[in-house]
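# Survey of secondary and tertiary structure
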Amino acid sequence: MEPVRCPLCQAVFDGADAGCRPSCPLARSCSAVCCPRCRYSFPRETGLAALLRKALSRRRAT
Amino acid sequence: MSEVLDAPARATAERAAAGLRTLVLVGNANVGKSALFGALTGKYATVSNYPGTTVEVMRGALSARGANFSVLDTPGTSGLFPGGEDEQATRDILLGEPGATVVQVCDAKNLRRGLLLALELAEAQVPAVLALNMADEAWERGIAIDVALLEQLLGIPVVPTVAVQRQGLRALREALARARPATLEARYDPALEQALSDAQPLLPRDLGLAPRALAMLALLGDASLRSWLRPRISEAALRRLDDLAQRAARDLGPLRIRVAQARLQVVDILLARVLHLVLPPGPTRGAAWIDRLTTHRWLGLPLLAAVLYACYQFVGVFGAKVCVDFLERAVFAERLTPWVAGALRWSDFLAGPDGLIAGRYGLFSMGLSYGLAIILPIVATFFLAFSALEDSGYLPRLSVMADRALRAIGLNGKAVLPMVLGLGCDTMATMTARVLETKKERVLVTLLLALGVPCSAQLAVIFAMLAGVSAAASLWFAGTILAVIFVVGWLAAKVIPGSRSDFVVELPPLRLPQPANVLVKTVARIEWYLREALPLFLVGTLLLWGLDRAGALAALERAAAPLVVGLLDLPREAAGAFIAGFLRRDYAAAGLFAHWQPLMRAGAMTRGMEIQVVVALTTITLFIPCIANFLVIIKERGWRTAMAMLAFILPVAFGTGAAVNALMRRFY
């Protein structure tokens, strides 16, 4: 749903479909996403990080 | 069917009566509509199937300059003539929402495609605003758009946006009040114009698209339009429309191509006036010099060493000493643990010396204390440093450096990426080994990952431990791990036939890390770590508690004593850390850290203890992979390979530990 940018190769992709599941046995509780281009994994910005990103973005926009 | 299709129109009328206007986001696929929808409406959105279809449509709310909007996010479309169910849903939303304001989201990098759709929306006479999304990427690629001129030529507000960074949203919200039908119009050849003129009087005016757009769809043979027209116009008018469409197809040839050509002509004239290709802003001379330095064959190495040293100081000194000291001693040992033990003193089972919660292997006194007081400050500082490296664009450059080093031992260039990714998570990196071409390459990289590449959390604890010993001891550790990777890689590369493949990685511009980005990434990583690691810490503690209660831990320590005490010269309790290490390697490292930390803090580390730290760290780093990684190895490579790796790794880990112990006692 939310486009994310890979910090390694800079590809922009749909974060909703890029979970590391179903391969990883810990996928159910893990919020990491994997870049479809270079496979770099990094955590999805959810929960507190999402709120923080939103607050900082709003501050920058105003 | 018509009732179903009219349902949105009725809903729109109800919303209008409640003072709610409709805003529809329309655009080609992959232009960032959903990102813009999220940025405009916030978190709360409802998802439902559009009536009569299986296509999901999101609806949210927006207030702009005193007006309240119900915002609809539509599936990506290339035009009003539907090419599939998704595109038909978008077209039907526009038909069923008369009076709605449209925000057309366009990829600024692909203006031509966006303007083709804009031209159709102009024909449909919908009040619109054009959002030039991904404006930053267009600029980075040297694409400059004369926004003021485009606005003037189209006759609608045009706003550059970067939805993912929430840029341009304020201007977009303000532009909604100025939304109007575009004045730009494509003119077709006279025969087609005549057919359009003949068809327009037959068509309804209460739909969301103007009669000229409806006439065009009818002439192009859009069968899906019929269900919208049937309840609104007479049978005779429908028959007349069919006649006009048949005549147009017969007299004007391939109509869709002619229409597309006419529209493209208009768009190309527009593009020639508003689109300029410019050179992107280049880096300054200083920045370009640093950029070259980062990947330089020799000069890049001291820079890499400096980066590692800065991480080591920040994580090992600030994180592992200052922060851990405070949390472990002042918060956990002096306040929380005594308080929990006091609150549970009525139960020996929970708070006794071997209690489940506050005992020696208690879930609180050990599990949470490890997770929150020891590991959390260390990984938090490490994640901060790692996120800064990531945001600066240095990581891809690190893979270039690693490529050179690994090529020197004959390893395939493609193997570099999984090895570098392993520093994040070995489990994921093991899956990445799929990109390698031969089975042997995949097995080799999986083995090297499981053997010698520490994951980020483990690396953080390693930094913390090394901060408590001398620089020479740290070099012993780093040298040993690198030597093992190189020797195993070199030997394996000897038995792997075939040519080396090229390693291609796109280097993003090197830049100063942005504090906001670094902070958010760090928080995301800490959240991820707490969610994934903390439960396993508790499981590990529970396992140790159970083994201890059953007397099995002492038995295991006795059984492992010849190996742990005899061969490695480590304290007997280190056996517990190796057992827990199978759950998570950083948990094992935390156990070792907790053992030596009081001595490090007191400055009472002797030469023998420093050797023990290096031996323990070397063994645990080379030790069998964590349970998640092991399960993925089984899944990816099969049981037999996984067990063979285990059989290889265990003796290598203990053998290397023993060799380091012997060498250090002689030469350190």
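The model shown is predicted, which means the values in this text are computed figures rather than measured ones. (Residues numbered from 1 in each chain as written. Chains lettered and ligands numbered in written order. Predicted model: local features only at pLDDT ≥ 70, side-chain atom pairs only at ≥ 80, totals over all residues. Heavy atoms only, no water.)

### Some details on the pairing of strand 6 (residues 128-133) of chain B
All names here are of chain B. To keep it simple, the criterion reads: Type-normalised accessible area, obtained with a 1.4 Å probe on protein chains alone, sets the label of each residue: buried when under 20%, exposed when over 50%, and partly exposed for intermediate values. Numbering goes from the N terminus for both helices and strands, where a helix is a DSSP run of H or I of at least four residues and a strand is a run of E of at least two. Being paired, for any two strands, means DSSP has found at least two bridges between them. Note on handedness: a crossover is taken as right-handed if, strands pointing away from the viewer, the path from the first strand over the helix to the second is clockwise.
Of all six residues in strand 6, six are buried, a share of seventy percent or more. Residues Ala128, Leu130 and Leu132 of strand 6 are buried on one face, and the alternating residues Val129, Ala131 and Asn133, pointing to the opposite face, are buried as well. Across six bridges, the pairing between strand 5 (residues 101-107) and strand 6 is parallel. From the neighbouring strand, Cys106 faces strand 6, where its bridge partner is Leu132. Read from strand 5 through helix 4 (residues 111-124) to strand 6, the crossover connection turns out right-handed. As defined by bridge partners, strand 6 adjoins strand 8 (residues 158-160) across three bridges and the pair is classed as parallel.

### Some details on the packing of helix 14 (residues 300-343) of chain B against helix 16 (residues 363-392) of chain B
Residues and elements named next belong to chain B. The condition is simple: To define axes, lines are fitted to C-alpha atoms, for helices over the stretch in contact only, and angles between the resulting N-to-C directions are given on a 0 to 180 degree scale. Under this scheme an angle from 65 to 115 degrees is roughly perpendicular, one under 35 degrees roughly parallel, and one over 145 degrees roughly antiparallel; angles in between are oblique. Throughout, a crossing is termed right-handed when the near helix is turned clockwise from the far one, and left-handed when it is turned anticlockwise from it by less than a right angle. Residue polarity follows a fixed list, in which Ala, Val, Leu, Ile, Met, Phe, Trp, Tyr, Cys and Pro are nonpolar, Asp, Glu, Lys and Arg are charged, and the others, Gly among them, are polar.
Orientation of helix 14 relative to helix 16, taken along the N-to-C sense of each, is 155°, at an axis distance of 8 Å. Taken together, the axes of helix 14 and helix 16 lie roughly antiparallel to each other. The two elements helix 14 and helix 16 cross, and the hand of that crossing is right-handed. A breakdown of the residues in the contact of helix 14 with helix 16 according to their chemical character gives 23 nonpolar, five polar and one charged.

### Notes on the side chain of B:Glu328
Formally: Residues adjacent in sequence count toward polar contacts only when both atoms are side-chain atoms; beyond that, a polar contact is any pair of N or O atoms within 3.5 Å, and within protein one must be able to donate a hydrogen and the other to accept it.
For B:Glu328, the location among the structural elements is in helix 14. Side-chain polar atoms of B:Glu328 contact the side chain of B:Gln597, separated by 3.3 Å.

### Describing the environment of B:Ala199
Selection criterion: Only heavy atoms enter the contact rule, under which two residues are in contact if any of them lie within 4.5 Å.
Looking at where B:Ala199 falls in the secondary structure, it is placed in helix 8 (residues 190-199). Once residues within four sequence positions are removed from consideration, B:Ala199 is found in contact with B:Ala215, B:Leu241 and B:Leu244.

### Thoughts on the confidence of the model for chain B
Residues and elements named next belong to chain B. Cut-off, in case you're wondering: pLDDT measures how confident the predictor is about each residue, on a scale from 0 to 100.
On average, residues of chain B score 82 in pLDDT, and 87% of them reach the 70 mark or higher. Mean pLDDT values over the elements of chain B span from 53, in strand 2 (residues 46-49), up to 94, in strand 6. Two numbers describe this predicted complex: its pTM, 0.55, and its ipTM, 0.79.

### Quick word on the packing of helix 24 (residues 552-567) of chain B against helix 25 (residues 574-581) of chain B
All names here are of chain B. Contact geometry for helix 24 and helix 25: axes closest at 8 Å, N-to-C directions at 100°. The angle between helix 24 and helix 25 places the two elements in the roughly perpendicular class. For the pair formed by helix 24 and helix 25, the contact residues are Leu553, Leu556, Glu557, Ala560 and Val564 on the first element and Ala574, Ala575, Phe578 and Ile579 on the second.

### Considering the nonpolar core
When a protein is soluble and globular, its nonpolar side chains tend to lie buried together. Residues and elements named next belong to chain B. Which entries qualify depends on this criterion: To define a nonpolar core, start from buried Ala, Val, Leu, Ile, Met, Phe, Trp, Tyr and Cys residues and group those joined through side-chain atoms within 4.5 Å.
Core analysis: the biggest nonpolar cluster contains 114 residues, and Ile378, Tyr529, Leu570, Phe593 and Trp596 have the highest contact counts within it. Of all the elements, helix 16 adds the most residues to this core, at 14 residues. Look past the residues within four positions of Trp596 in its chain and what remains in contact with it is Met465, Leu570, Pro571, Met605, Met609, Gln612, Val613 and Ala616. Core analysis: the second largest hydrophobic core is formed by 70 residues, Cys106, Leu115, Leu130 and Tyr188 among them.

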